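# Remarks on the overall topology
Each chain, letter by letter, is given below.
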Amino acid sequence: MNRRKLLGAGLAAIATPLAAPALIAPAHAQGNWPSQPIRLVVPFAAGGPTDIPARLFAERMGAALPQRIIVENRTGAGVLVGTEVVAKATDGHTFLYTTVAHAVLRALFQRLPFDPEADFVPVALVGVIPMLITVGKDSRIRDLAGLQAALKADPGGMTYASSGNGGALHLATELMLRRMEARALHVPYRGTAAAMPDVLNGTIPLIVDVATTAVPYAQRGETRALAVMDTARLPQLPDVPTTAEAGFAGLEAYTWHMVLAPKGTPAPVVQSMNRALMQVASEAAVQQRLSDLAMRLVTDSTPDSAAAWLRDETQKWSAVVREANITIN
């Protein structure tokens, strides 16, 4: 799969409110689907960086489909509670809006109440948000080469923060360390908000964070962004190089957003949801709204390409989990 093409859609710059959506015409091979409100389960808290795009998609799709789309936040045990709800749904109207967390479930947990691969059908990859490699504003480290040198000068001595053990920030940092052939000491926090004060005051010298939360700190000069783990620079930080430009080609990491359906969902229903999602993702106003989260929307995802992406990401991050000996306590 050509990941560069998949991630290539740019963001249109507009400042107008969201206009009324064009009519979305889903396939009706499954009779009168949708015949009841569609449930979009988000296994993350309301108001967070995953919930916000999910609600925007639901609003835009629900305004054009013949049924409402209801966002249901089902948190607990990480993403397990909400994901299990969807895995066991049989009504043909329940879908999961999730992130890269789905790709590491099997690697992190010995026992699961569902199979993350066999019990789900990918519908569409709707957006990606790259990671940003960041140090404190007073750090002597100026670029990735300097970071690598500092890490190797003190093997395992430098600390790095994450939002929690086994989370996206933890995994992305370990991916970077393996590429640099270096070690550092992981200091997990209960979320990024808890970690950032120690990064800002220099107690913790390094954090690899999602661009959504990392960009504002860098823009204000409170941190120094060394590189974006993407194939293109961030519009919000045009002077920050990509990892490839910084000398580490192929070192890319994202948190991504994907919609999945339970196993057994009829193919015409999956195709209908895919078309609706892609039409909303193609709206310039939606792209502009989500650019505030540093999210780049994917406008040409198919169920097959989403499945290929999920397989690639599962293999990639499962290898990091094994090599770094990451476990969930």
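Now for a description of the structure that goes with this document.

Definitions and limits used
Residue indices follow the written sequence of each chain, beginning from 1 at its first position. Confidence filtering applies because this is a predicted model: local features only for residues at pLDDT of at least 70, side-chain atom pairs given and counted only at 80 or more, and all residues used for totals across whole chains, interfaces and linings. Excluding hydrogens and water, the side-chain figures rest on all heavy atoms present in the structure. Helix and strand labels come from DSSP, where a helix needs a run of H or I of at least four residues and a strand needs a run of E of at least two; each type is numbered from the N terminus. For this measure, only C-alpha atoms enter the radius of gyration; the expected value for a globule follows 2.2 Å times N^0.38, where N is the number of residues. Type-normalised accessible area, obtained with a 1.4 Å probe on protein chains alone, sets the label of each residue: buried when under 20%, exposed when over 50%, and partly exposed for intermediate values. Where accessible areas are quoted, they stem from the Shrake-Rupley method and a 1.4 Å probe; at the residue level, only the protein chains shown are allowed to cover. Charge counting treats Lys and Arg as positive and Asp and Glu as negative, with His and both chain ends excluded. A charged residue contributes its charge at one atom only: NZ of Lys, CZ of Arg, CG of Asp or CD of Glu. Here an angle of 0 to 180 degrees is reported between the N-to-C directions of two axes, which are lines fitted to C-alpha atoms, with helices fitted over the stretch in contact. For classification purposes, an angle smaller than 35 degrees is called roughly parallel, one larger than 145 roughly antiparallel, one from 65 to 115 roughly perpendicular, and anything else oblique. Residue contacts are counted whenever heavy atoms from the two residues lie within 4.5 Å of one another. In this classification, the charged set is Asp, Glu, Lys and Arg, the nonpolar set is Ala, Val, Leu, Ile, Met, Phe, Trp, Tyr, Cys and Pro, and all remaining amino acids, among them Gly, are polar. Polar contacts here mean pairs of N or O atoms no more than 3.5 Å apart (in protein, one a potential hydrogen donor and the other a potential acceptor; neighbouring residues in sequence count only if both atoms are side-chain atoms). Note on ring pairs: Phe, Tyr and Trp rings are taken, using the six-membered ring of Trp, and paired if centres are within 6.5 Å. Classes follow the plane angle, with under 30 degrees stacked, over 60 edge-to-face and the rest tilted. Geometrically, a lysine NZ or arginine CZ counts as sitting over a ring once it is within 6 Å of the ring centre and also within 35 degrees of the ring normal.

Let's shift gears to the overall build of the chain. When you go through the chain residue by residue, the secondary structure sums to 11 helices and 10 strands. Whereas a compact globule of 329 residues would reach a radius of gyration of roughly 20 Å, the chain reaches 20 Å, a difference of no more than 12%. Projected onto its principal axes, the C-alpha coordinates of the chain cover approximately 65 × 45 × 35 Å. Burial analysis of the chain (329 residues in total) assigns 54% to the buried set. As displayed, the chain offers around 13900 Å² of accessible surface, 52% of which is attributable to carbon and sulfur atoms. For the chain, the distance from the average site of its 29 positive side-chain charges to the average site of its 27 negative ones is 1 Å.

To continue, consider the packing of helix H2 (residues 51-62) against helix H9 (residues 267-281). Running from N to C, H2 and H9 cross one another at 105°; their axes reach a closest spacing of 10 Å. Relative to H9, the element H2 is oriented roughly perpendicular. Only Met-273, Ala-276, Leu-277, Val-280 and Ala-281 of H9 make contact with H2, whose side of the interface consists of Phe-57, Arg-60 and Met-61. Here the residues of the contact of H2 with H9 sort into 7 nonpolar, no polar and 1 charged.

Mapped onto the secondary structure, Thr-265 falls in the loop between strand E9 (254-262) and H9. The class for Thr-265 is buried, based on a relative accessible area of 13%. A polar side-chain atom of Thr-265 sits 2.7 Å from the main-chain carbonyl oxygen of Pro-262.

So, about the packing of aromatic side chains. In this structure the tally under the stated criterion is 2 aromatic pairs. With centroids separated by 6.0 Å and ring planes inclined at 90°, the aromatic side chains of Phe-114 and Phe-120 adopt a geometry described as edge-to-face. Assessed through its relative accessible area of 6%, Phe-114 is described here as buried. Ring geometry for Tyr-254 against Trp-309: centres 6.2 Å apart, planes inclined by 50°, an arrangement best described as tilted. Of the two residues, Tyr-254 sits in strand E9 while Trp-309 sits in helix H11 (residues 303-323), which places them 55 residues apart along the sequence. By the burial criterion, Tyr-254 is buried, and Trp-309 matches it. Lying over the aromatic face of Tyr-217, Arg-220 brings its terminal NZ or CZ to 5.1 Å of the ring centre.

Purely geometric stuff here, so don't read any function into it on its own.
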